[in-house]
Amino acid sequence: MAAVQVSEAEKVYLMHGVRDDLRLDGRRCEDYRHMEIETDVVSNTDGSAKISLGHTDVLVGVKAEIGKPRPMVPDEGYLEFFVDCSANATPEFEGRGGEELGVELSNVLYKVFNNRHSVDLRSLCICAGENCWVLYVDVLLLQCDGNLFDAISIAIKAALFNTRIPKVRISEDEEGGKEIELSDDPYDCMRINVENVPCIVTLCKIGHRHVVDATLQEKACSVASLLISVTHKGMVTCVRKLGRGSLDPESIFEMTEAGKRVGKTLHAPLMELLQKEESLGKKRQKVGFLG
Amino acid sequence: MPFDTRRIRGPEESQSPLLFLSPDKVPEASSRQGVRGNGDVRPVFARCGLVSQAKGSAYLEAGNTKIICSVYGPREIERKDETDMKTGRLVCDFRLAPFSCMKRGAWIQGSEERDLSATLLESLQPGVCLHRYPRSQIEVNVIVLENDGSILAHAVTCASMALADGGIEMYDVVLGCALGQNGNTCLVDPSHSEECGSWHEGYGENRGCVTVALLPNLNQVSGLNADGEMREDTLTDAVRTCLDGCHKLYPVVQQALTRAVKRKAPPPEK
């Protein structure tokens, strides 16, 4: 991840603060930074969302295409994730620099969504064994200030909520071949149920305590972090330890419990906000990228 | 995906005959048929010093899972643009041989393998004293010859044995243990058919797979990877069970390492 250089004195100052539940910007250990979400920012996609979490900016676009289902599961569609760390974020990402980070982020997203309940894949089936909807979720990192996983997962949830997949009809033509017809009405579309989509919470271990939503400076002081993805019911879909240090088993249990608690409280306000934004409809003032 | 031009592959439209097999029922709790209990690790065969050209190497067999690992280094780093020259670097390469799984795998490294390499690196790094090898790089190459479940866990154990065999300084051996959760039963060290429901279709309710890498003497967890959908208390119990499994594996690894050392440097004859 893009790193900042932090001196020893700064590290000590930060660790002492965290020990007393006070971080550099005045937050407590389990508070998130100010978050702004906007959906439907890119008109060419079927669903999109932009999130700014402090100075981290992430843009997610979802495009639905018709493809062939996977041979092992012919009656389900699937999701494909791709994360692009653009050179916009930091100069380190120029050329192939950001590829490693992008691959790591995509792999985690695949693991997080690798279960039956996150997204109802059966609803993405058009014709079993032949056609299905494939949702290409493309994530673009615009600015990087720590806590990429959390921002990306929230943005994906918002983008999937915003996705409108056109309804299709299968008709048989004269020779018996199947033909797919998209309905002409642009408002006749299918929505995805995002109730069970998990959100990722990254907890960084600093000293003896853990912090949620770490900035780059805080990340430079921590040796290991735990990534946990939680659904609104409190089910855990993916846990990973990141970083080059090791963790005590007791800290892992503590961090898992804290991560689950924080993650669970993230879902309800998010859904409420998304539904409120949608209910504004045409009256909504679009902020876009310059807000 | 890069296209492999060196091998003749079947036509694009061909499908594996495995798709037409009737699906295996996910095994029930008693399916281990008394051969081993739900909480038992499979018996492990481990030997070091297999590959004569490598600095250190190890071979591990657990049930039908066969893994071989070789360690090269410390070598000089090729890229000179590393800002932090005070510590060495560990490079891990995890590969599954194309004949290792039921379905023929591609020889070119897919994203799953890159993910496993990254997890292996994260699990091994806390155990190796990299500050003793500044400006150097240690390469760890793991190949899975036969995949019968828990490959990541056994690869971690095999790699740390190979590092020890190669004389690389470490704080402690890193041991790995895996667990498959299926509803309310948890199976330690699952075989491929016990893990099987996982890879193709995604997990059902309270089903998942947990892999833990532990440094037993320091009691520090260096790697944790959990997949599937589980409740938090189930996850906590699963991690505790894996930690016990790691401790059970320790004597075997100790024995294999002392045997390798005795062979390389035989005690003086009286």
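What comes next concerns the included structure. These figures come from a predicted structure and were not determined experimentally.

**Re the overall build of chain A**
Point 1. A count of helical and extended segments in chain A gives five helices and 14 strands.
Point 2. The C-alpha atoms of chain A give a radius of gyration of 21 Å, which matches the 19 Å a tight globule of 291 residues would have.
Point 3. Along the three orthogonal principal directions, the C-alpha set of chain A runs to about 80 × 45 × 40 Å.
Point 4. Relative to its full complement of 291 residues, chain A shows a buried share of 52%.
Point 5. Considering only contacts in chain A between residues 6 or more positions apart, those separated by 24 or more positions represent 70%.
Point 6. With an accessible surface of roughly 13,800 Å², chain A has 50% of that area assigned to carbon and sulfur atoms.
Point 7. In chain A, 35 side chains carry a positive charge and 46 a negative one; their mean positions are 5 Å apart.

**Examining the overall build of chain B**
Point 1. Along its length, chain B carries five helices and nine strands.
Point 2. Overall, chain B shows an N-to-C arrangement of helices and strands of β-β-β-β-α-β-α-β-β-α-α-β-β-α.
Point 3. Counting across all 270 residues of chain B, residues that qualify as buried make up 50%.
Point 4. Contacts spanning at least 24 positions in sequence make up 70% of the contacts within chain B whose residues lie at least 6 apart.
Point 5. Carbon together with sulfur atoms contributes 53% to the accessible area of chain B, which is approximately 13,700 Å² in total.

**Side note on the sheet that holds strand β2 (residues 56–62) of chain B**
Residue and element names in this part refer to chain B.
Point 1. Strand order in this open sheet of five strands is β1-β2-β3-β5-β4, and the pairing throughout is mixed. The open sheet has two edge strands, β1 (44–48) and β4 (89–96), and neither has a second partner. Ignoring strand direction, the axes of neighbouring strands in this sheet form an average angle of 15°.
Point 2. Taken together, the seven bridges between β2 and strand β3 (residues 65–76) define a ladder with antiparallel strand orientation. The partner of Gly-56 across the bridge, within β3, is Val-71.
Point 3. The sheet strands contacting helix α1 (residues 111–124) are β4 and β5 (136–146), and the helix crosses β4 at an angle near 140°.
Point 4. Here helix α2 (residues 151–165) sits on the sheet and contacts β1, β2, β3, β4 and β5; the angle it forms with β2, its principal contact strand, is near 150°.

**Considering the sheet that holds strand β12 (residues 209–212) of chain A**
Point 1. Ordered in space as β12(A)-β11(A)-β13(A)-β14(A)-β9(B)-β8(B)-β6(B)-β7(B), the eight strands form an open sheet in which the pairing is antiparallel. Looking at strand neighbours, the two that pair on one side only are β12 of chain A together with β7 (185–188) of chain B, the edges of this open sheet. The mean inter-strand angle of the sheet, taken between neighbouring strand axes irrespective of direction, is 20°.
Point 2. Bridge count between strand β6 (residues 175–182) of chain B and strand β8 (residues 207–215) of chain B: eight bridges; the pairing is antiparallel. The residue of β8 of chain B that forms the bridge with Leu-175 of chain B is Leu-214 of chain B.

**Considerations on the packing of aromatic side chains**
Point 1. Following the criterion strictly, the structure yields three aromatic pairs over all chains and no others.
Point 2. Centroid distance Phe-81 of chain A to Phe-113 of chain A: 5.0 Å. Interplanar angle 40°. Geometry classified as tilted. Taken as a pair, Phe-81 of chain A in strand β4 (residues 78–85) and Phe-113 of chain A in the loop between α2 (99–112) and β5 (125–127) lie far apart in primary sequence, 32 residues in all.
Point 3. Under the relative-accessibility criterion, Phe-81 of chain A is labelled buried at 6%.
Point 4. For the ring pair Phe-45 of chain B and Tyr-59 of chain B, a centre distance of 6.4 Å and an interplane angle of 70° mean the geometry is edge-to-face. With a gap of 14 residues between them, Phe-45 of chain B in strand β1 and Tyr-59 of chain B in strand β2 connect regions that are remote in the sequence.

**Things to note about α1 of chain B**
Point 1. Here α1 of chain B contains 14 residues, and its C-alpha end-to-end distance of 20 Å stays within 8% of the 20 Å for a straight helix at 1.5 Å per residue.
Point 2. Among the residues of α1 of chain B, Glu-113, Asp-115, Leu-116, Ser-117, Thr-119, Leu-120, Glu-122, Ser-123 and Leu-124 of chain B are the ones counted as buried.

**Comments concerning the interface of chain A and chain B**
Many structure descriptions define interface size as the accessible area lost when the parts assemble.
Point 1. Each side of the interface is counted separately: chain A has 34 residues, and chain B has 36 residues.
Point 2. Here chain A and chain B share four salt bridges between them.
Point 3. Remark: the boundary between chain A and chain B carries 13 residue pairs in polar contact (both at pLDDT 80 or more).
Point 4. Of all elements in the fold, only α2, β14 (235–242) and α5 (249–280) of chain A reach the threshold of two or more residues within the side of chain A that touches chain B.
Point 5. Top element by residues in the side of chain A that touches chain B is β14 of chain A. It accounts for eight residues.
Point 6. Considering only residue class, the side of chain A that touches chain B consists of 14 nonpolar, ten polar and ten charged.

Rules behind the numbers
Residues numbered from 1 in each chain as written. Chains lettered and ligands numbered in written order. Predicted model: local features only at pLDDT ≥ 70, side-chain atom pairs only at ≥ 80, totals over all residues. Heavy atoms only, no water. Helix = DSSP H or I, 4+ residues; strand = E, 2+ residues; numbered from the N terminus. Rg over C-alpha atoms; globule rule 2.2 N^0.38 Å. Buried < 20%, exposed > 50% of the residue type's maximum accessible area, 1.4 Å probe, protein only. Contact = heavy atoms within 4.5 Å. Areas by Shrake-Rupley, 256 points an atom, 1.4 Å probe, with all protein chains shown as cover. Lys, Arg positive; Asp, Glu negative; His and termini not counted. Charge placed at Lys NZ, Arg CZ, Asp CG, Glu CD. Pairing = 2+ DSSP bridges. Axes fitted to C-alpha atoms, helices over the stretch in contact; angles between N-to-C directions. Phe/Tyr/Trp six-rings, centres within 6.5 Å; stacked < 30°, edge-to-face > 60°. Expected span 1.5 Å × (residues − 1). Salt bridge = Lys/Arg side-chain N within 4 Å of Asp/Glu carboxyl O. Polar contact = N/O pair within 3.5 Å; in protein donor to acceptor, adjacent residues only side chain to side chain. Nonpolar A, V, L, I, M, F, W, Y, C, P; charged D, E, K, R; others polar.

Scope: geometric values only; no functional claims are made or implied.
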